[in-house]
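Observations on the model geometry
Each chain is listed here by its residues.
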Amino acid sequence: MDEVITDQGLASDTDTSVDSHFDPVQEHFKRKRGLHFVHINVRSLLPKITELREFVRNSNLTCITISETWLDDSVTDNEVGIPGYSLLRLDRNRSGGGVCAFIRSDVAYNERTDLHVANLEVQWFELLLPNSKPLVVANCYRPPSRMDFIPSFDNTFAELEPDLEVIILGDFNICTKQNQSMLQETYRTFTIKYGLKQLVNEPTRVTNTSASIIDHILCNHPTMISQSGVIDIGLSDHRMNFCTRKKTKHQLFSSKYMQIRSMKNYSKASLNDMDWTPVFECVDVNLALAKFNCLFKNLVDQISPLKNIRIKQRSVAWIIDEILTAIRARDKLLRQCLSSADNCREQLYRQYCQSRNLVQRLRQPNNNICPINSMNIKTTPKNSGEI
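What you see is a predicted model, and the numbers here were worked out from it, not measured in a lab.

So, about the overall build of the protein chain. Helix and strand content of the protein chain: 10 helices and 16 strands. Within the protein chain, the fraction of its 387 residues that count as buried is 41%. In the protein chain, the share of contacts with a sequence separation of at least 24, taken over all contacts with a separation of at least 6, comes to 66%. When the accessible surface of the protein chain is summed, it comes to about 23,100 Å², and 51% of that surface belongs to carbon and sulfur atoms.

Dropping the structure here:
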């Protein structure tokens, strides 16, 4: 079994005392908050891992996907690992091909081995995000000679649950800038079939004679992507591409709502002015009751309309307004005491102690109301005043 990667074992590669020369590039990941994904065709990972570690060190990347790793079993995980990241590998040999992915260690994930296809260089895994369905990620490399790659990839993609969010990163060796070909048409049909959008619009491989977009990022929920583009990093003749997936914010304390009647415009005169003649003219008692209910409801809705009010859940049951006011005053005095000059501090401290004691006195009569037990108390006209 390979050794566990530690910061001590790679101290020379990740010394934080040295300023990173990648800082201008890393501004991409400081500009937007969210889950940062990058991909690069590195063309042999082992000799470039030190430089990649330096790039990752201050970037706070969520996931780094690599194609053309050129690795085999003779290279250990410790040799190509990055501190603070879990490593997933799918090797071919030391002469070409292969993919790998680095996932930040504080992000929970599952490998989707059920989607693995032999002789297809595609990694599937899902990130387990809080309060949402898993985010499925695929890392791909299509060799230029593999004409059956897209149909095979299509068959695998069809096995996914249809409502899952998917991000695909990889080197497809299919240039979206060139004229239509049979391969490009197959690729375009695949993206349309599953509602995938290609996010990379700048050349990812530039030579003296050509500029092509062959490294792609595909997603089926483009509204969840806050930024995407390419980065000039110089690890190989491919540029790095990236995207940032928005983080879904969840309110810590959700609010509840209830309906009440507003008595702002209520008046007894409205009841006295009501014409009840249609009720009195009815011979059938059931019809009279129905007309009475209808007239009365319309009248009540007019003079006392329904409205929604929000019930705050941030305070436990026994914290009443008087206690909250005392707590705010106590905390204000404490801040003033800590920031005051020495000659005023003693007096402010005495005031703070008095305010603190006041809070304690206000809390004592209510301490017998347990927040958990109070949820089980049935509020009735008889005991509502006691609560």
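Between its first and last C-alpha atoms helix 8 (residues 285-303) spans 27 Å; for 19 residues at 1.5 Å apiece the expected length is 27 Å, and the two agree. Those residues of helix 8 lying buried are Ala-288, Leu-299, Val-300 and Ile-303. In a view along the axis of helix 8, the buried residues occupy a sector of 95 degrees, so they form one face of it. Structurally, helix 8 contributes buried residues whose contacts are with strand 15 (256-261), helix 6 (268-272) and helix 7 (277-280). The N-terminus of helix 8 is capped by Asp-284, whose side-chain oxygen sits 3.2 Å from the backbone nitrogen of Asn-286.

Here the focus is the packing of aromatic side chains. Under the defined criterion, the tally for this structure stands at 13 aromatic pairs. A ring pair is formed by Phe-149 and Phe-153, whose centres lie 5.8 Å apart and whose planes are at 15 degrees; its orientation type is stacked. Placement of both Phe-149 and Phe-153 in helix 4 (residues 149-157) is noted, with a separation of 4 residues, approximately one turn of the helix. For Phe-149, a relative accessible area of 0% translates into the label buried. Residue Phe-153 is classed as buried on the basis of its relative accessible area of 0%. Relative to Tyr-194, the ring of Phe-157 has its centre 4.4 Å away and its plane inclined at 50 degrees; by these criteria the two rings are tilted. Placement of the pair is Phe-157 in helix 4 and Tyr-194 in the loop between helix 5 (182-193) and strand 9 (197-198), with a sequence separation of 37 residues. Using a relative accessible area of 19% as the deciding quantity, one classes Tyr-194 as buried. Through successive ring pairs, a cluster of aromatic residues spans Trp-124, Phe-149, Phe-153, Phe-157, Phe-172, Tyr-187, Phe-190 and Tyr-194.

What counts and how
Residues numbered from 1 in each chain as written. Predicted model: local features only at pLDDT ≥ 70, side-chain atom pairs only at ≥ 80, totals over all residues. Heavy atoms only, no water. Helix = DSSP H or I, 4+ residues; strand = E, 2+ residues; numbered from the N terminus. Buried < 20%, exposed > 50% of the residue type's maximum accessible area, 1.4 Å probe, protein only. Contact = heavy atoms within 4.5 Å. Areas by Shrake-Rupley, 256 points an atom, 1.4 Å probe, with all protein chains shown as cover. Expected span 1.5 Å × (residues − 1). Arc of directions from axis to C-beta. Polar contact = N/O pair within 3.5 Å; in protein donor to acceptor, adjacent residues only side chain to side chain. Phe/Tyr/Trp six-rings, centres within 6.5 Å; stacked < 30°, edge-to-face > 60°.

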